[in-house]
Amino acid sequence: LTEKQIKKWFANERLKKKKAAGCIFEMKIKTWERFPTAAVSILKKWYDEHESNPYPTKEEKTELMMTTRLTEKRIKKWLATERLKKKKADGDKIKTRERHPIEAVSKLKKWYDDKYEAHPYPSNEEKAEVAMTTGLTKKQVHLWLMRERRARKKDA
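Residues numbered from 1 in each chain as written. Predicted model: local features only at pLDDT ≥ 70, side-chain atom pairs only at ≥ 80, totals over all residues. Heavy atoms only, no water.

A. How the structure looks around the overall build of the protein chain. For the protein chain, the count of helices and strands is seven helices and zero strands. Taken from the N to the C terminus, the helices and strands of the protein chain come in the order α-α-α-α-α-α-α. Relative to its 156 residues, the protein chain shows a buried fraction of 20%. Of the contacts made within the protein chain by residues no fewer than 6 positions apart, 55% connect residues no fewer than 24 positions apart. For the protein chain, the accessible surface area stands at approximately 13,400 Å², while carbon and sulfur atoms represent 56% of it. (Helix = DSSP H or I, 4+ residues; strand = E, 2+ residues; numbered from the N terminus. Buried < 20%, exposed > 50% of the residue type's maximum accessible area, 1.4 Å probe, protein only. Contact = heavy atoms within 4.5 Å. Areas by Shrake-Rupley, 256 points an atom, 1.4 Å probe, with all protein chains shown as cover.)

Listed below in structure tokens is the structure:
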């Protein structure tokens with residue numbers, strides 16, 4: 001045996017001992033894997049039966065885990081995706097953050113650029129005043145300012 005082979009053997013032995021002692025956990029490489037067709041048919045059947053309330057109880061999740069041989073995480077993910085598909089198919093609007101009107105954002109930016117250096121955290125009265133001039137709510141102004149400060153901090 002060469003010196004390199006002997007060193008490799010000892011390194012492998014040390015690694016085996018550490019694994020046996022629980023010091024090292026093997027990393028699992030995540031790969032995309034399709035759901036087994038049998039599991040999908042079971043999940044679809046359950047979903048169709050519970051379409052009015054497609055949120056399983058703990059007992060139902062346990063039963064689904066045992067019958068499908070899937071983990072709880074995968075079952076939750078499948079059900080969430082199925083609910084989203086159903087919502088899209090029904091034409092329901094999926095909640096997304098609405099953009100503020102361009103005029104309001106330009107006024108906010110101008111106001112913020114003028115005041116930022118001296119006072120990056122405006123008072124509630126100042127926020128209310130800005131809300132009145134932009135046509136936004138005080139909460140919208142507050143959130144916009146928070147995002148803007150975060151963006152500027154990130155850029156700096």
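B. A look at the pattern of salt bridges. This model, assessed by the stated rule, comprises eight salt bridges. A salt bridge links Glu3 to Lys7, with the nearest nitrogen and oxygen atoms 3.5 Å apart. Taken as a pair, Glu3 and Lys7 lie in helix 1 (residues 3-21) at a separation of four residues, close to a single helical turn. The same class applies to Glu3 as to Lys7, namely exposed. Salt bridges sharing partners connect three or more residues here, namely Lys61, Glu72 and Lys76. (Salt bridge = Lys/Arg side-chain N within 4 Å of Asp/Glu carboxyl O.)

C. Examining the packing of aromatic side chains more closely. Throughout the structure, instances matching the rule amount to two aromatic pairs. Each ring, one from Trp9 and one from Phe10, has its centre 5.0 Å from the other, and the planes form 80°; the classification is edge-to-face. The ring of Phe35 has Arg74 sitting right over it, with the charged end atom 4.2 Å from the ring centre. (Phe/Tyr/Trp six-rings, centres within 6.5 Å; stacked < 30°, edge-to-face > 60°. Lys NZ or Arg CZ within 6 Å of the ring centre and 35° of its normal.)

D. Representation of the packing of helix 2 (residues 37-49) against helix 3 (residues 58-68). One way to put it is that helix 2 packs onto helix 3 with a least axis distance of 9 Å and a crossing angle of 155°. With respect to each other, helix 2 and helix 3 are oriented roughly antiparallel. Of the two possible hands of crossing, helix 2 and helix 3 adopt the one that is right-handed. For the pair formed by helix 2 and helix 3, the contact residues are Ala39, Ile42, Leu43 and Trp46 on the first element and Glu60, Leu64, Thr67 and Thr68 on the second. Looking at the contact of helix 2 with helix 3, its residues break down into five nonpolar, two polar and one charged. (Axes fitted to C-alpha atoms, helices over the stretch in contact; angles between N-to-C directions. Parallel < 35°, antiparallel > 145°, perpendicular 65-115°, else oblique. Left-handed = near helix turned anticlockwise from the far one by under 90°. Nonpolar A, V, L, I, M, F, W, Y, C, P; charged D, E, K, R; others polar.)

On their own, these measurements won't tell you what the molecule is for.
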